[in-house]
Amino acid sequence: MDQTLVSMDNITKDFPGVRALDGCRFELRKGEVHALVGENGAGKSTLMKVLTGVYRKDAGRIVYDGNEVDIPDTRTAQKLGISIIHQELNLAKDLTAAQNIFLGREPRRGLMLDERKLNEQAARLFERLGIELDPRVKIAELTVANQQMVEIAKALSFDAKVLIMDEPTAALSEAEIGSLFRIIGQLKAEGVGIVYISHRMDELKKITDRITVMRDGAYIDTVATAETPIERIIAMMVGRELYHASGPAQTGKNGEIVLEVRHLNRGKQLKDVGFTLRKGEIVGFAGLVGAGRTEVARAIFGADPIDSGDIYVHGRKVRIRNPYDAVREGIGYLSEDRKQFGCLVDMDVKTNIALPSMRSFVGGLGWMNDRRIGDVSAQIVERLCVKTPGTGQLVKFLSGGNQQKVIIGKWLVRDCDIFIFDEPTRGIDVGAKGEIYELLDELAAQGKAILMISSELPEVLRLSHRIIVMCEGAITGELRREEATQENIMQYATRRIG
Ligand SMILES: Nc1ncnc2c1ncn2[C@@H]1O[C@H](COP(=O)(O)OP(=O)(O)OP(=O)(O)O)[C@@H](O)[C@H]1O
Ligand SMILES: [Mg+2]
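Residue positions are counted from 1 within each chain, in the order its sequence is given. Labels follow written order: the first chain is A, the first ligand is 1, and so on. Per-residue local features are limited, in this predicted model, to residues with pLDDT of at least 70; the limit for side-chain atom pairs, both in listing and counting, is 80 or more; totals at the level of whole chains, interfaces and linings are taken over all residues. The side-chain values count all of the structure's non-hydrogen atoms but skip hydrogen atoms and water molecules.

The name given to the protein chain in an unreviewed UniProt entry is D-ribose transporter ATP-binding protein, with Gordoniibacillus kamchatkensis as the source organism.

J.: In this structure, what is going on with helix H4 (residues 115-129)? I would like to understand it.
T.: Residues separated by three or four positions in an α-helix point in the same direction, a consequence of the helix having 3.6 residues per turn. Between its first and last C-alpha, H4 extends 21 Å over 15 residues, near the 21 Å set by a 1.5 Å rise per residue. Under the scheme applied here, a residue whose accessible area is under 20% of the maximum for its type counts as buried, over 50% as exposed, and between as partly exposed, the area being computed with a 1.4 Å probe on protein chains only. Think of it this way: any DSSP run of H or I at least four residues long counts as a helix, any run of E at least two long counts as a strand, and we number them from the N terminus. Among all positions in H4, only Leu118, Asn119, Ala122, Leu125, Phe126 and Leu129 are buried. Down the axis, H4 shows its buried residues gathered within 120° of arc, on one side only. Turned more than 90 degrees away from the buried face of H4 sit Arg116, Arg124 and Glu127, all of them exposed. Helices are assigned an expected span. That span is 1.5 Å times one less than the residue count. Summarising the geometry, the arc corresponds to the directions from the helix axis toward the C-beta atoms.

J.: Teacher, can you tell me more about the domain arrangement of the protein chain here?
T.: In many reports, interface size means the accessible area that the parts give up when they come together. The assigned domain composition of the protein chain is domain 1 (4-238) and domain 2 (257-493). Note: domain ranges come from an automatic or database domain assignment. The C-alpha centroid of domain 2 is placed 30 Å from the C-alpha centroid of domain 1. Between domain 1 and domain 2, roughly 1600 Å² of surface is buried when both sides are summed, and carbon and sulfur atoms account for 53% of that area. Salt bridge, as applied in this entry: a Lys or Arg side-chain nitrogen positioned within 4 Å of an Asp or Glu carboxyl oxygen. Remark: the boundary between domain 1 and domain 2 carries two salt bridges. A salt bridge links Lys387 to Asp216, with the nearest nitrogen and oxygen atoms 3.9 Å apart. Definition of a polar contact: a pair of N or O atoms within 3.5 Å, with one able to donate and the other able to accept a hydrogen when the atoms are protein atoms, and with sequence-neighbouring residues admitted only if both atoms are side-chain atoms. Applying the counting rule to domain 1 against domain 2 returns four residue pairs in polar contact (both at pLDDT 80 or more). Buried area: the sum, over both parts, of the accessible surface (1.4 Å probe) that disappears when the two are put together.

J.: In this structure, what is going on with helix H13 (residues 370-383)? I would like to understand it.
T.: Look at H13: 20 Å from first C-alpha to last across 14 residues, which is about the 20 Å you get at 1.5 Å a residue. Residues of H13 that are buried include every one of Ile373, Gly374, Val376, Ser377, Ile380 and Val381, and no others. It only takes one pair of heavy atoms within 4.5 Å for two residues to be counted as in contact. The inward-facing, buried residues of H13 contact helix H12 (349-354) and helix H14 (400-413). Looking one or two places after H13, you find Cys385, whose phi comes out positive at around 50°.

J.: What exactly am I supposed to notice about the pairing of strand S15 (residues 282-286) here?
T.: Within a regular beta strand, the side chains point alternately toward one face of the sheet and then the other, so they alternate between its two faces. Where burial is concerned, most of S15 is hidden: five out of the five residues are buried. Of the two faces of S15, the one holding Ile282, Gly284 and Ala286 and the one holding Val283 and Phe285 are both buried throughout. Strand pairing follows a simple DSSP-based rule, namely that at least 2 bridges must link the two strands. Bridge count between S15 and strand S20 (residues 449-453): four bridges; the pairing is parallel. Following the sheet pairing, Ile282 is matched in S20 by Ile450. With four bridges connecting them, S15 and strand S21 (residues 466-471) associate as parallel partners. Its bridge partner being in S21, Ala286 is matched across the sheet by Val469.

Structure below.
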């Protein structure tokens, strides 16, 4: 019996100035988990958007369940049973979970919306997935992980035979990834073909059967996961051997205290949080999602009000009421919520990079120094290997990982003393990750103070001079780099106080 569900052949897709796909190939079987990997901008999302009717291919052939098909729009894909969970979650924040799942397909009684039936149907989907979620809760009130579960439920509600997940674990904690993997295993057993896009190489070995590697819009190879070492996959992705820098230089231990936070409280989210950050030091914040790490960052940056607590910058007590105050105190914040605070996707790369530091680009007579903006942003694009036809490209046309690099770039241009990086390498490919690690090392060596939040423990261990662990809004442990291991971090991360 032929197990092939989808086969894409010779797919080409051009955008103005960019060939995103160049004669690309891909094949998916029933009941397999098939990873699609490649560097940022390799064309992974575009290939899957072609399969789901978001983009029309310029050339090539798609065979689905034995027949050649034309997929001109997303409805056609849904009818065929091809569902996708996009890299950027696409839910309507003000609607409930159930309303989102059945948007445009709500059960009705006469002219009236049958709210009860809607919620029942959603509840049944959640039950099938083994997730505990109230279908009547508004999306805005859900964690990213639960929003993702709603996306999966929505994808399944179309009776999906093919389910595509574009970087599903980028925003999830270890425990949440565990339940996602359980659901993937279940769908696989039901015969669903799953396409799994991820930059987290450790995951591939755990759940995928085969791996297809793409580079620069082209097909490189498809291999069986069990027979292929990860190093080989990475070499195929980047087209060269990767150089892995070792740990950070031992700097900053005795540097002056640049930031001090005392007795920070905010509802149940922050409980008496206090710590110091020294010049030249990278302090990693570890913990499970929801532990309160992002809340600490947002409180320091003035993005959320606090109930009580004091913040000192260079030994001086400061009042930070909003992000403007924070920026004035020399604090830069790379938020984990890229959509809200990240970048202006309808503007071009150079404007985004220059934005937080506009004042430094104003010339003597008060006008903008466009040439310098161009030069500086071109440097950033080169330094961070942003894949773009030029600094005039609109950010919305960049791949997910490359948008991320632009956001990092804009804070680098702004001269801050204190950097807060919340999940700095989320969505960034293995090669570029190394570049970003080196960049953080370099910032520390220059005497910057860095607070870094990451859910990837190897990353915390690689970068931090000191590690602070949080659980349920409180700091539960602090470890020096020499004594930290994944195990003792996890112990503190699950240790409740009070
Ligand atoms: N709508 C668009 N207009 C112009 N260029 C685009 C558009 N969509 C994608 N591209 C370009 O096509 C190339 C492939 O992008 P794609 O989003 O498929 O990459 P990706 O492999 O998913 O990367 P990432 O890992 O960063 O998500 C990139 O160079 C990107 O800038
Ligand atoms: Mg992508």
